[in-house]
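Coordinate analysis (summary)
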Amino acid sequence: MTLKGLTKVFISGFYENLERIILGSDRYTSKEMTAEILKGIELPSSVFSEICIGCGGCKNACPTNAIEMIPVEPVKITETYSKEAIPKIDYDKCIYCLYCHDFCPVFALFNEVSPIHPRHVGEDIIQVDLSKLLEKPIEIPEEQLSKIAKILSINISGIVKREKKANSKV
């Protein structure tokens, strides 16, 4: 095969895959039929909203924009921070890359069970005291911390510093 022929195959394959991924062009079951099939089926929980800090890191890390932050009644986690939204995964867009899990600061920074996962894992009830969690020292390499900090919608290190300062005044 010539270089020109190989290039043509590459471009054709790239276009077909892009069209398939973005437009769902080779989908056999329509989104409407999928919704009808799943009607009445309770999907397992993939977000433990009680232990989510609502930072939006999962949403920002998602390469397919499959995560939306849903507003909730504000929950005061610490003296200086309240959770105002929790993530919701759109499984039609999710590619199960696990970025939401891996970049969640609850997991990545504090080494606790991540509140988000594209598939159900573990028990339905997980107990984590978020105000105590945010006081835990962050022991990860500086380059990993800066990589995660760029993804978060909140300044986690600023929250931890403010909490330590507020606690030292008491």
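Parameters at a glance
- Every chain is numbered independently, its residues counted from 1 as its sequence is written.
- At least 70 in pLDDT is required for a residue's local features to be given in this predicted model, at least 80 for side-chain atom pairs to be given and counted, and no such filter applies to totals for whole chains, interfaces and linings, which use all residues.
- Note that the side-chain values use all heavy atoms of the structure and ignore hydrogens as well as water.
- Helix numbers and strand numbers start at the N terminus; a helix is a DSSP run of H or I with at least 4 residues, a strand a run of E with at least 2.
- Note on classification: 1.4 Å probe, protein chains only; a residue is buried when its accessible area is under 20% of the maximum for its type, exposed when over 50%, partly exposed between these limits.
- Two residues form a contact once any of their heavy atoms are found within 4.5 Å.
- Nine residue types can take part in a nonpolar core, namely buried Ala, Val, Leu, Ile, Met, Phe, Trp, Tyr and Cys, and a core is a set of them joined through side-chain atoms within 4.5 Å.
- When DSSP finds two or more bridges between two strands, those strands count as paired.
- For this analysis, a ring pair means two rings from Phe, Tyr or Trp (six-membered ring only for Trp) whose centres lie within 6.5 Å, classed as stacked if their planes differ by under 30 degrees, edge-to-face if by over 60, and tilted for the remaining angles.
- His is not counted here, nor are the chain ends, while Lys and Arg score as positive and Asp and Glu score as negative.
- We define a salt bridge as a contact between a side-chain nitrogen of Lys or Arg and a carboxyl oxygen of Asp or Glu at a distance within 4 Å.
- Think of a polar contact as two N or O atoms within 3.5 Å of one another; within protein, one of them needs to be a possible hydrogen donor and the other a possible acceptor, and neighboring residues in sequence only count if both atoms come from side chains.
- An arc is given here, and it is the one of the directions from the helix axis to the C-beta atoms.

What about the overall build of the protein chain?
Counting secondary structure elements, the protein chain contains eight helices and two strands. The linear arrangement of helices and strands in the protein chain, starting from the amino end, is α-α-α-β-β-α-α-α-α-α. Residue burial in the protein chain is summarised as follows: out of 170 residues, 32% are buried. Within the protein chain, residue pairs in contact and separated by at least 24 positions form 65% of the contacts whose partners lie at least 6 positions apart.

Side note on the environment of Pro 115
With respect to the helices and strands, the residue Pro 115 is situated in the loop between α5 (105-108) and α6 (130-133). When its relative accessible area of 2% is taken as the criterion, Pro 115 is described as buried. With 62 residues separating them in the primary sequence, Pro 115 and Ile 53 have C-alpha atoms 8.7 Å apart.

Remarks on the nonpolar core
Core analysis: the biggest nonpolar cluster contains 33 residues, and Ile 53, Ile 67, Ile 116 and Leu 130 have the highest contact counts within it. Contributing elements (two or more residues each) for this core: α3 (57-61), β1 (67-76), β2 (82-89), α5, α6 and α7 (142-151). A per-element tally of this core places α7 first, with three residues.

Things to note about the pairing of β1
Strand direction decides the pairing type here: β1 and β2, joined by seven bridges, are antiparallel. In the strand pairing of β2, Ile 67 is matched with Ile 89. Between β1 and β2, which follow one another and run antiparallel, lie five residues.

Some remarks on the environment of Ile 148
Looking at where Ile 148 falls in the secondary structure, it is placed in helix α7. The sequence separation of Ile 148 and Asp 102 amounts to 46 residues, and the corresponding C-alpha distance is 9.5 Å. Beyond its immediate stretch of four places on either side in the chain, Ile 148 contacts Phe 103, Ala 108, Leu 109 and Ile 140.

Thoughts on the packing of aromatic side chains
Aromatic ring pairs are reported here in terms of the distance separating the ring centres and the angle at which the planes meet. Going through the model one piece at a time under the given rule, you end up with two aromatic pairs. A ring pair is formed by Tyr 91 and Tyr 96, whose centres lie 6.5 Å apart and whose planes are at 25 degrees; its orientation type is stacked. Taking the relative accessible area as the measure of exposure, Tyr 91 reaches 28% and is therefore partly exposed. Assessed through its relative accessible area of 32%, Tyr 96 is described here as partly exposed. Aromatic side chains Tyr 99 and Phe 103 sit 5.8 Å apart centroid to centroid with 85 degrees between the ring planes, which places their arrangement in the edge-to-face category.

Let's talk about the side chain of Lys 83
By the element assignment, Lys 83 lies in strand β2. Buried charge Lys 83 goes without a salt bridge, the closest partner of opposite sign being Glu 50 at 7.3 Å. A polar side-chain atom of Lys 83 sits 2.9 Å from the main-chain carbonyl oxygen of Cys 52.

Notes on the pattern of salt bridges
Under the counting rule described, the total for this entry stands at one salt bridge. Salt-bridge contacts for Glu 79 lead to Lys 76; the nearest nitrogen and oxygen are separated by 3.3 Å. Accessibility expressed as a relative area gives 53% for Lys 76, which makes it exposed.

A word on α7
For α7, the full list of buried residues reads Leu 145, Ile 148 and Ile 151. All buried residues of α7 project into a common sector of 120 degrees when viewed along the axis, lining one side. Opposite the buried face of α7, by more than 90 degrees, sit the exposed residues Glu 142, Glu 143 and Lys 150. Tucked into the core, α7 has its buried residues touching α3 and α5.

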